[in-house]
Every structure is written in C-alpha cells, then in structure tokens.
Amino acid sequence: MWASIAWRLFWRELKRGELWVIAFALFLAVASVISLSGITQGVKSALMQRSAQFNAADIVLRSSQPFDDSVLSLAQQYNLTTARQMQFDSMLFAADNMQLSTIKAVSDSYPLRGELILRNSSDVTNGNLASLTRGHVFIEARLFDLLGVVPGQQIELGMSQLIVAGVIVNEPDAPLSVFGGAPRVIMHLDDVPATQIVQPGSRIGYRYLFAGDSAQLSRFETDMTARMTPHQRWQKMDAESAIGSALERAERFLLLAGLLGIVLAACAAAVAAGRYSQRHTQSVAVIKALGATTAQIRLLYGSHLFLVVLFSLLIGAVAGQVAIEAANWGIAQFLPDYRAQFSWRPLGLGILTCLICALLFAARPMWRLSKTAAIDVLKQPALSLGLDKLQLIAGAAAIWSLMWLFSGEFTLSLGLFVLCALFAGLLMAVAALLVRMAKPVAAGQSSARRLALANLRRRLWANSFQLITFSLAIFLALLLYFLRAELIGQWQRQIPVGAPNQFLVNITEQQRLQLDQFALTHQLQLDNYYPVVRGRLMSINDEQLLQEASKEDRSDQRVGVGRELNLTWLSALPDNNQVVSGNWFGAEATGQVSVEAELAERLALMLGDELAFSIGGQQLSATISSIRKVDWNSLQPNFYMILSPDLLASFPATYITAFYLDAERGIVLNQLARLMPTVTVISVDNIIKQVNDIIEQVTVALSFILLIICLAAVLVLVAQVQATLEQREQELAILRTLGAQYAFLRNALVLEFALLGLMAGSFATILAELMLLIVQQRVFNLPFQLHYNLWLLGPLLGVLVVTVLGWWQLKRLLRIPGAELMRKVLQG
Amino acid sequence: MKTPEVHIKATNLAKSVKVSDGSLTILHDISLTINRAETVAIVGASGSGKSTLLSLLAGLDTPSAGEVYLAGHPLHALSEDQRAAIRAADVGFVFQSFLLLPSLTALENVTLPAELAGDKQARQRGLTLLQQVGLADRADFYPAQLSGGEQQRVAIARAFITNPAVLFADEPSANLDAATGQKIEDLLFCLNADKGTTLVLVTHNDELAQRCQRQCRMQAGRFVGAEGVIADVG
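Everything numeric here is computed off the predicted structure, so don't read it as measured data.

Rules and cut-offs
- Residue numbers run consecutively from 1 along every chain, following the written order of its sequence.
- Chains and ligands are labelled by the order in which they are written, letters from A for the one and numbers from 1 for the other.
- Per-residue local features are limited, in this predicted model, to residues with pLDDT of at least 70; the limit for side-chain atom pairs, both in listing and counting, is 80 or more; totals at the level of whole chains, interfaces and linings are taken over all residues.
- Water and hydrogen atoms play no part in the side-chain values, which are based on all heavy atoms of the structure.
- Runs of H or I in DSSP of at least four residues are treated as helices and runs of E of at least two as strands, each being numbered from the N terminus.
- We call a residue buried when its accessible area falls under 20% of the maximum for its residue type, exposed when it is over 50%, and partly exposed in between, using a 1.4 Å probe and counting protein chains only.
- Pairs of residues are marked as contacts when any of their non-hydrogen atoms sit within 4.5 Å.
- Shrake-Rupley sampling with a 1.4 Å probe provides the accessible areas, and residues are treated as covered by the protein chains on show and by no other component.
- Pairing between two strands is assigned when DSSP locates at least 2 bridges connecting them.
- Using a 1.4 Å probe, buried area is obtained as the accessible area two parts lose upon being combined, added over both of them.
- Criterion for a salt bridge: a side-chain nitrogen of Lys or Arg within 4 Å of a carboxyl oxygen of Asp or Glu.
- Polar contact criterion, stated in full: a pair of N or O atoms within 3.5 Å, where within protein one must be able to donate a hydrogen and the other to accept it, and residues adjacent in sequence count only if both atoms are side-chain atoms.
- Under this grouping Gly is polar, as are all residues other than the nonpolar Ala, Val, Leu, Ile, Met, Phe, Trp, Tyr, Cys and Pro and the charged Asp, Glu, Lys and Arg.
- Patch membership requires over 30% relative accessible area and the absence of a salt bridge. Like charges are linked within 9 Å, and nonpolar side chains (Val, Leu, Ile, Met, Phe, Trp, Tyr) within 5 Å.
- To pair, rings of Phe, Tyr and Trp, with the six-membered ring standing in for Trp, must have centres within 6.5 Å; the planes then decide the type, stacked if under 30 degrees apart, edge-to-face if over 60, and tilted in the middle.
- The rule for a charge over a ring is simple: NZ of Lys or CZ of Arg within 6 Å of the ring centre, and within 35 degrees of the ring normal.
- Fitting a line to C-alpha atoms yields each axis, with helices limited to the stretch in contact; the angle taken between N-to-C directions then spans 0 to 180 degrees.
- The criterion is simple. A nonpolar core is a set of buried Ala, Val, Leu, Ile, Met, Phe, Trp, Tyr and Cys residues joined through side-chain atoms within 4.5 Å.
- A pair of cysteine sulfur atoms is labelled a disulfide when the two atoms are within 2.5 Å.
- An angle below 35 degrees is treated as roughly parallel, one above 145 as roughly antiparallel, one from 65 to 115 as roughly perpendicular, and anything else as oblique.
- Crossing handedness is defined as follows: a turn of the near helix away from the far one that is anticlockwise and smaller than a right angle gives a left-handed crossing, while the clockwise case is right-handed.

(A) The arrangement of the overall build of chain A in detail. Within chain A, the regular secondary structure consists of 22 helices and 22 strands. Within chain A, the fraction of its 828 residues that count as buried is 53%. Sequence-distant contacts, at least 24 apart, represent 81% of the contacts inside chain A between residues at least 6 apart. Surface accessibility of chain A: about 36500 Å² in total, with carbon and sulfur atoms responsible for 59%.

Below is the structure:
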C-alpha cells in the first residue's frame, strides 16, 4: 500500500513540477559525471591511439637486459601481439668511410602500430616500397653521402657485413626531437648475434612492443608491473613533447572540471534535498496525525525518494551516454581510425555519484523529516534553511568521497576539497561581518533600499549558506572559464601561425651561403643559424664523471650525461628561455656556460661550478654563470648547454636553422635535398598538425564541460532561490496586506538580489584569482599573471546572473494579488 | 438506565513548554471525562490552551503531568508510534486549515488513512464518503482545484474513512465564510450523528459550541468553572 502511495506522490509531484530541482540536480550530477569521465576517457584513448603510432605499439616495455621470453609468453596469455627491438649506437664502415649511427634491430612483426615506410633507393621520394629482410639494412638518407654508399652495396657493422637495401622514409617511433642525433639505421633482429656487438657491458636498449585490446592491455600492464625487474620500465609518452604536454594538461583540466562539476551538482542536490524535506514537513505531520508510524513514514518517503533517484539516474545515464557518443563521433571526425571503446566505468561512476548524493544529502533531511512530530500539524511549521551539523558532515564526506572516486587522486581531491571548505568558512565570516556592517548603512536609506538591506541581513544571518553556494557557483564557473581560456591561449602561443615547420640540421659553414641563396630564390624566411658543436661533459669542478650511468654501478663517482651533447654559443638569450638563477652572459663574457635547469638539477650543478668539456679530443672549461628554464614545448631548437662565444667559435661547427613552408610547396624540400644531400631536413609539420588537431578536439570538449559547469552553477542558484520561496510568499503577503506597492516590492527584490550577487561575485573573483594562481603554478606549470578582466567580469556576472535568476523566479510572486497570496499562505 | 461508557478521561493534565528564560505552563491541572458518542466543545479565546488540550486528548502530544486515557489506552504512557497506532484505529481529525496533501487527489486524500491501515476497500469507501459530502464529481480534483469549503468537505470525508470512535475538530469552519462554514458544520454534525462518533470540537465560536451537548470554557490554560463539568456558556 505504501508503495502505491509513494508512486502516486512521486508521479504527481513530478507532473506538478515539484520535484524538478532535486531531480535535475541529481540528473546533472549523474549526466556530468558520466559524460565527463566518458569524454575524458574518449579523448585520452583517442590520443593514446594516436600516440601509439609514435610508439609503434600500444605500450612499450624498456629494459637494459636481454630479452626475457617470460615477458612475451605473459603477453601471449593476454592475447596481445608482440614485437621486439634493440637499439644501440655503433660505428658503420663502408670502404674508407665510417660514421657513428643509431642502429635499431627489429623483429618481423615490427611495427605493431603506425607505418614503417622503406624504399629500395637512396631517395625518400623515389624507388619502390620495400620491406626489411635478414642480411639487409635500411639507412637514413644522409647516411648515403656520409658513408659514400648506394643501395646494394655492403657496409660493415661489428663482425657482420650487411647489404644496404634502401632508405628509411618513415619510422613510426623515430625520436620527435628536432635534433635527430646520429643517423638512423634499421636492421633485422636476427642479424644482431652475428655482429657480436652485444658484449657484457654494452649499452643496449631492449624494447618489448605490445598491442591489443585496451582492457587486456591494462590487465597485462598491471600483471607485468608486479613482475618487473629494476632494469625494466614502461615507456611513457614523452611528457616533454608538445603532444604529451597538451594531452596531460587537457586531462588535468578535464579532471579538475569534473571535480568542480561534482561539487556544484552536490551543492544543488544538498539545497534541493533541504527544500524537499522542508516542503514535506507538514504533509508528514498530517500523515502522522492520521496514524502513520515513523517506520511507515520512512518507508513511504524512502520509496518516494528512491523513485526520484531512479528517475534522475535513468535520464541522467541516457543523457551522459548520448554526450559520450556525440563526443566519440566528434573525435572520429578528427581521427578517422579512432576506435571508440565502450566502458562501464563512467556509468558505474555516475550511478555511484547519484547514490552517494542521494544517500548522504537526502538521508539526513529524510531522517529529520520522518521525525516530524504529529503535533506539528497544529503548528505553523518552522521554516529553516540552515544545515545541521550532521548533514554538513555527511555532505562534506559525500563531496570529498565523490571527488576521490572520480579523480582517483587522493591528494588532489583532498586539496581541492580543503580549499572549498576554507572558502566556505571564510565566506561565512565575511558574510557575518558585512551583515553587521549593513545595519548602520541601512539607517540612512530609502525604504526600498532599507527593506532590501533588512531582507539581506536577516536572510544572510539565517542562511549564509545561500551566499556561500552563490559564491561557490560563480567562483567555479569563473575559474573554469579562465583556465580554459588560459589553456587554449597557451597552446596557441606554443604553435603560432607561420611558425617554422621545417628544420635543417648539419649545415656546414660553407653551405650557409648556398642555403641563403636558396632561401632567397624560393622566398623562404630562414630563422637564425644556431651553431652546434658536439661535445662530452667530462668533469665538474675537476671531478671526473662516470660516462655510462648504470644501475649496477655503486661507485660514488658523479654521473655524467652519458652521451654527447649539442653545444652552442650565443650572445643573446633565446626567446623561449628564462634565466632562473645567475645572470645571462653578455657578448663580452668569456669562459662561461648557461645550463638548462632540469639538467642542472639532475647533475647537481650550482652557479660557479667549473665544467670541463671534451670536443673532438680537445678540452675546454667554462664556469656556470646562469641556469635557464627552457620551454621544451616550443618547436624551436633548445640547448642544454649554451657557452659564451669565445669558447666555441674556433671549433668547426655545423648549423641548425628553420623555415616555414606551405604544405603545397613540398617540392622545395626535394630541390633542397638534391642541392645539399648532407643536410637533414626534419619536418615538424605532422607534429604541428597533430597538436593543432588535439587542441581543436580538446577545445570542443572543454567548451562542452564549461557549459555543464555553468548549468550546474545556475542550478545551484535556482535551487537556492526556490528554497526561500515559501518564506518570501509569507513576507510578501504581509507586505502587500500592509499596502506595499508593486514598484516598491520590485525595487526591494531587485536590489536585494543585486547586492547579494555583488557580494557573491566579488568573493568569487578574489577566490578565483587566488585559485588561478595555485592551479596555474601547481597543476599546469604556467607562469602566473593577474587577470584584470576577471575583476570586472566576476562582480558584474554575480550581479547580473543572481538578479536575473532571482527576478525570473520571484516575479510571479509579485504579480499574485495580495488577497490570493494571503489565502495561499494561510492555507499552507 | 444504562451507565454511559467513558471514552476519554483526563486527570490533572498539565503542559509546560521550554522558553528562553525557563519554562511556561500553558495548561494547568485539567481534568475531563467524555463519554462515548458525546459531543463536547472546548471553547476559549486564542491562546487559552484549547488546541493544546486537543493535542493531548488526541494523543498528538504528551502531557508534562497528569494522565489521559483514550478508549482505555493510557496515552500519557505510550510512545509516539504506539499513539499513532491508536490514532490510526480510533481517531479522526478535521483541521482549521484543511491540511490536505497537495499532491493527492480528493479521493486519494480521503482514502489515505485507510490505505495506511491496509484497508483493501479504501477506494470504494472513499467514493461513498465523497458522495455523502457531495463531492462525488470532484474525486479526481487536486486540493488546489477545490474551494476552501470543498477542501474542508474532503477533510471531513477523510476523517470518517476509518470509522473512528472519536473525532477531533480544530476550528473546522474558522477559515471559511459564514455560509460555507455553516454548511460544513451541518455536515460534520450530521455525519457524526449518523456514525455515532464521539466529537471533541475546539472553537472560539460560541454559536458552534452550542451545537454540542457539552461546552468546556478555557481561559489561560484552565477550565473556567468546575473541572470537566458543563460550563455555563453564552
């Protein structure tokens, strides 16, 4: 019987629009959690799939130890396809020529993702496509000239003789770095033993490549991680690459937005649940007076609420899933080979969110509701909008557990939660102070203003919660809006239109003139020439460095870089570099070096340290006079060490330069390759295009999320105003009966909301600026700058939004004739 | 002559409430006996304590001191839920402000107490009662669609659905105009006589009080005159 009453109550209240605030709050919580986690997952998986092409596999395990069959057989148990590769530097010999090269030896199934394109000629644009077979090698175009060989000729590698079968056109997992390093060679893995290069202590990188179903991959990754030896590690996407960092920031933004969305939806649910319980107090008293026990009330209202939750959950889940599908469709427009994978996680998270919101926010008001005394049927029910301590604790626990559940990051969710809680506490204190100050101010005002101030004062005292939620809603929307703008702006600055997309490496002094002439003829705008001298860091403050760092080495000797560095000399600090300590040396400085900050930290270098380099057998030393932060995301030549010009100018150097080339003028590159075959052209067009695609993709996702957050914020405001409707009805009835005019009441109402909006908007602005400072520095690693427009936008937005929403919801009350309003109030 | 059966018996009832500076006694030493099928009016000005007395007699609240028995049940010694069970079985209410559930139709409001008691015939009985109060054609209307008088008629039908042994009416016509109020009063007394229910009516209207067999006048939380005896009203 109670089920039938509960069903009728639910259905009627739904039809009469009584439930929409709580139902919409829960709906929004479910829909936003499902869509946010689903879209984050979709964007992540799209970018993972794209990055897989750069890894030649879905995931890669790196090792410094020879291949272990148990790893491969474990992967087979998870139905994954595998490939193996070894990478090492070695000297190649051809007749009288020799060249240090980076050799990659691969198994038959390489690559598992992306495309390896080989041609049987020495020209990347000509010749037939070829594939790798035993006894053959494919080499990078510049090696043909450096070694003086043509396809079909033999080269020597260790103890083996291998035939040069052609040129490498595209190698999916080639380093994306602008400095390609040593020229690259691809050979078959089976040919490695015969070279006898692999000796104890040889510096060889072993890689296991895996591809397959993402769920299986993830299970395998977990299983494998538990078995990993200290020599093994997963190859993560390079966080320093432009794509890696764009992805990482977008992910963090989505995560943050999701968390903020949850806070807002939870606030809306809390307010709505409070109002729900308030609206039903008298009904419960009546039902109790008619003989219902507390247990019956719990059953009745419990099932009523269950139906509300179920309803919101169902439509929320459908809306969330539709949003995910729409996002997947959008991603597929950018990534034709994108394979969207269904996952239960967003749905599960959504359901859990809804249940936690309903249980922890509604349970307490429901409990209080069931305890309504039957005697209240004879009393005017007290209108209270305050939260009791238990509900506050339960609500706070709910918000935090949701944040943790959603992000999976304990510290981040705790940090954000504590900040929101501090914010709430601070607002409460400020609200109390303002309210105290409002009284003397009100004394000299017109009556409408006095009424507005009096209303504000009274309500603020009773419900500073309202001001907190208003401020919180505006604050979160502002924060997200500015972070989104910040993020997109940052990305756009990273790759400005017309930025160089073709890099030329290995230019000799003699070729510079020739290249200038070529650029003039083809109307190319050449960037600066950066001189490059390769050298090895030998000692720090006369302490010899260990050149090959290995895990087994337990000696106390300081460890060096482990490879040759590209050294340059410049008199002016490059654009994307920032001196973090010391001073940049001027043109006149001698014997100085500027070190990149991360390398300085890794090698424990300090200002004033003396570094000794070995360049082509010659020694030179320099004193560290500055430490620089380098923006590795910028697609420009970046250097770990920049020496003062006096030190390097006499060494034979090669040069790097860059220019921008329209996609239609690709032919110019072929002409350049023919003119200067030893110059390597590294095209970053693909990288730029990919980064731009991702930015575009993520921008759409971010805008969608901002929309959800704004909706949630508006909902909180609506829920709050709705919660005061009954109280306002009573007051209006009294004021109207006392003869207050429409214009007077309207002015008082508008003024009250405008003041409230101004307060909320101003608090929100201050907090948003503070939060931006923290988030920019801690989460996104962006430099902080003051957001002047925020200080205008925040308070203005507060006034506008709060006034419009307040007016929109309450204007109906003002239009009800006084007598009708009074009757309505008297009848309860 | 058959001795009338005592239906409600209150002895030395007192009710105090806590206020900021101590406690305030709103009922003092009330004793009252009401027989089965008797109609009793509790009369008094606003704030005289008559509604508080009604809440104690009906088991909506418990006294601070004294005893109250309803059909032999010691209401003063029972828990909220035990009193609720007694109300469900034996008590009907009509309130000044009708107190219908806005989300339920007229018929559903009438049948609610019977449904809560698990009565399978609730709907049929509800329709009959609505017919008796002249609202058969308004069965599917919501309270907001009914006039004040119609709402109170629904409330009266609701009060009688469980065939209560005692009906408590708190200012049943105070929120209505004189003509409608009169009709409501007629209906209430008519149904009451028809069903042989004990009626306890709280009112400040002496004319209405006069329609009851007995009137008890209250002033400042006390009966005026001898305890529980017929007071001289008018």
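The structure having been displayed, the exposition proceeds.
(B) Spotlight on the overall build of chain B. Each helix and strand counted, chain B has 7 helices and 10 strands in total. Looking at chain B residue by residue over its 234 residues, the buried ones come to 54%. Summarising the internal contacts of chain B: among those between residues at least 6 apart in sequence, 69% fall at separations of at least 24. Accessible surface computed for chain B: about 9700 Å², of which carbon and sulfur atoms make up 49%.

(C) The pairing of strand 9 (residues 184–188) of chain A, seen in detail. Residues and elements named next belong to chain A. Burial analysis of strand 9 places 5 of its 5 residues in the buried class, the great majority of the element. Of the two faces of strand 9, the one holding Arg-184, Ile-186 and His-188 and the one holding Val-185 and Met-187 are both buried throughout. As defined by bridge partners, strand 3 (residues 97–106) adjoins strand 9 across 5 bridges and the pair is classed as parallel. When the sheet's bridge partners are listed, Lys-104 is paired in strand 9 with Ile-186. In this sheet, strand 9 lies alongside strand 6 (residues 136–139) in antiparallel orientation, the contact comprising 3 bridges. Pairing of Ile-139 across the sheet is with Val-185, part of strand 9.

(D) Focus on the interface of chain B and chain A. Across the boundary between the two partners, chain B contributes 32 residues, which contact 26 residues of chain A. For the pair chain B and chain A, the two sides together bury roughly 2800 Å², of which 63% comes from carbon and sulfur. There are 3 salt bridges connecting chain B and chain A. A salt bridge links Glu-115 of chain B to Arg-8 of chain A; its shortest N-O distance comes to 2.5 Å. Counting the contacts that link chain B with chain A gives 7 residue pairs in polar contact (both at pLDDT 80 or more). The leading source of residues in the side of chain B that touches chain A is helix 2 (residues 80–90) of chain B, at 6 residues. Partitioned by chemical class, the residues of the side of chain B that touches chain A number 16 nonpolar, 7 polar and 9 charged.

(E) Structural detail: a nonpolar patch on the surface. All names here are of chain A. Taken together, Trp-404, Phe-410, Leu-414, Val-418, Leu-419, Leu-422 and Ile-774 make up a surface patch of nonpolar side chains, about 590 Å² in accessible area. Of the residues forming the nonpolar patch, the biggest block, 5 residues, is contributed by helix 11 (residues 410–443). Among the structural elements, Val-418 can be located in helix 11. With relative accessibility at 39%, the residue Val-418 sits in the partly exposed group.

(F) Layout of the packing of aromatic side chains. Residue and element names in this part refer to chain A. In the structure shown here, the tally under the stated rule is 17 aromatic pairs over all chains. Relative to Phe-311, the ring of Phe-10 lies with its centre 6.0 Å away and its plane at 65 degrees, an arrangement referred to as edge-to-face. Within this pair, whereas Phe-10 is found in helix 1 (residues 2–15), its partner Phe-311 is found in helix 8 (residues 294–334), the two being separated by 301 residues in sequence. On the accessibility criterion, Phe-10 (4% relative accessible area) is buried. Look at Phe-311 and you get partly exposed, because its relative accessible area is 28%. Clustering of aromatic rings is evident, with ring pairs tying together Phe-67, Tyr-78, Tyr-206, Tyr-208, Phe-210, Phe-220 and Trp-234. A cation over an aromatic ring shows up here: Arg-298 above the ring of Trp-367, its NZ or CZ 3.8 Å from the ring centre. One Lys or Arg, Arg-512, reaches over the ring of Tyr-655 and ends 4.5 Å from the middle of that ring.

(G) Seen up close, the sheet that holds strand 1 (residues 6–19) of chain B. All names here are of chain B. Spatial strand order, 2-1-4-5: 4 strands in an open sheet with antiparallel pairing. At either end of the open sheet lies a strand with only one pairing partner, and these are strand 2 (22–35) and strand 5 (73–74). Here strand 1 pairs with strand 4 (residues 65–70) via 5 bridges, running antiparallel. Along strand 4, the bridge assignment pairs Ile-8 with Leu-70. Against the sheet, helix 1 (residues 50–57) engages strand 1, strand 2 and strand 4, with an angle of about 120 degrees to strand 1.

(H) Structural view of the nonpolar core. Judged by nonpolar contacts, the single largest core of 156 residues is most densely connected at Ile-22, Ile-287, Tyr-301 and Phe-475 of chain A together with Leu-53, Leu-57 and Phe-168 of chain B. Phe-475 of chain A has contacts with Phe-423, Ala-764, Leu-767, Ala-768 and Met-771 of chain A, leaving out every residue within four places of it along the chain. Membership of the second largest hydrophobic core comes to 36 residues, among which are Leu-135, Leu-187, Ala-209 and Cys-212 of chain B.

(I) Main features of the state of the cysteines. Residues and elements named next belong to chain B. The final tally for this structure, using the stated rule, is 0 disulfides over all chains. Left unpaired, Cys-212 is separated from the closest cysteine sulfur, that of Cys-216, by 9.7 Å. Judged by its relative accessible area of 5%, Cys-212 is buried.

(J) Representation of the pairing of strand 4 of chain B in the model. Residues and elements named next belong to chain B. Sheet topology note: the strand 4/strand 5 ladder contains 2 bridges and is antiparallel. Bridging across to strand 5, Tyr-69 finds its partner in Pro-74. The turn joining strand 4 and strand 5, which pair antiparallel and follow one another in sequence, is formed by 2 residues; a positive phi near 50 degrees is taken by Ala-71.

(K) Summary view of the environment of Arg-134 of chain A. Residue and element names in this part refer to chain A. Structurally, Arg-134 can be placed in the loop between strand 5 (129–130) and strand 6. Leaving out residues up to four positions away in the same chain, Arg-134 has contacts with Asp-108, His-188, Asp-190 and Asp-191. Polar contacts involving the side chain of Arg-134 include one to the side chain of Asp-190, which spans 2.5 Å.

(L) Looking closely at the environment of Phe-503 of chain A. Mapped onto the secondary structure, Phe-503 of chain A falls in strand 12 (residues 502–507). For Phe-503 of chain A and Val-679 of chain A, which are 176 residues apart along the polypeptide, the C-alpha to C-alpha distance reads 9.9 Å.

(M) View of the packing of helix 3 (residues 106–116) of chain B against helix 4 (residues 122–132) of chain B. Residues and elements named next belong to chain B. Relative to each other, helix 3 and helix 4 sit at 130 degrees, their axes nearing to 9 Å. By the criterion of interaxial angle, the relationship of helix 3 to helix 4 is oblique. The crossing of helix 3 and helix 4 is right-handed. Mapping the contact onto sequence places Ala-106, Leu-107, Val-110, Thr-111, Ala-114 and Glu-115 in helix 3 and Ala-122, Arg-123, Gly-126, Leu-127 and Leu-130 in helix 4. Of the residues in the contact of helix 3 with helix 4, the class split is 7 nonpolar, 2 polar and 2 charged.

(N) Inspection of unusual backbone geometry at higher detail. Going from Tyr-110 of chain A to Pro-111 of chain A, the amide bond is cis rather than trans, its omega being -10 degrees. For Pro-111 of chain A, the location among the structural elements is in the loop between strand 3 and strand 4 (117–119). Although it is not a glycine, Ala-37 of chain B sits at a positive phi angle of roughly 70 degrees. By the secondary structure assignment, Ala-37 of chain B is in the loop between strand 2 and strand 3 (39–44). Phi at Ala-71 of chain B is positive, roughly 50 degrees, even though this residue is not glycine. The class of Ala-71 of chain B is partly exposed, set by a relative accessible area of 30%.

(O) Structural view of the packing of helix 14 (residues 509–521) of chain A against helix 17 (residues 667–675) of chain A. All names here are of chain A. Across the interface, helix 14 lies against helix 17 with an axial gap of 12 Å and an inter-helix angle of 155 degrees. For the element pair helix 14 / helix 17, the angle class is roughly antiparallel. Between helix 14 and helix 17 lies a crossing of right-handed hand. Residues Gln-514, Leu-515 and Phe-518 of helix 14 form the contact with helix 17, whose own contacting residues are Val-668, Gln-671, Leu-672 and Leu-675.

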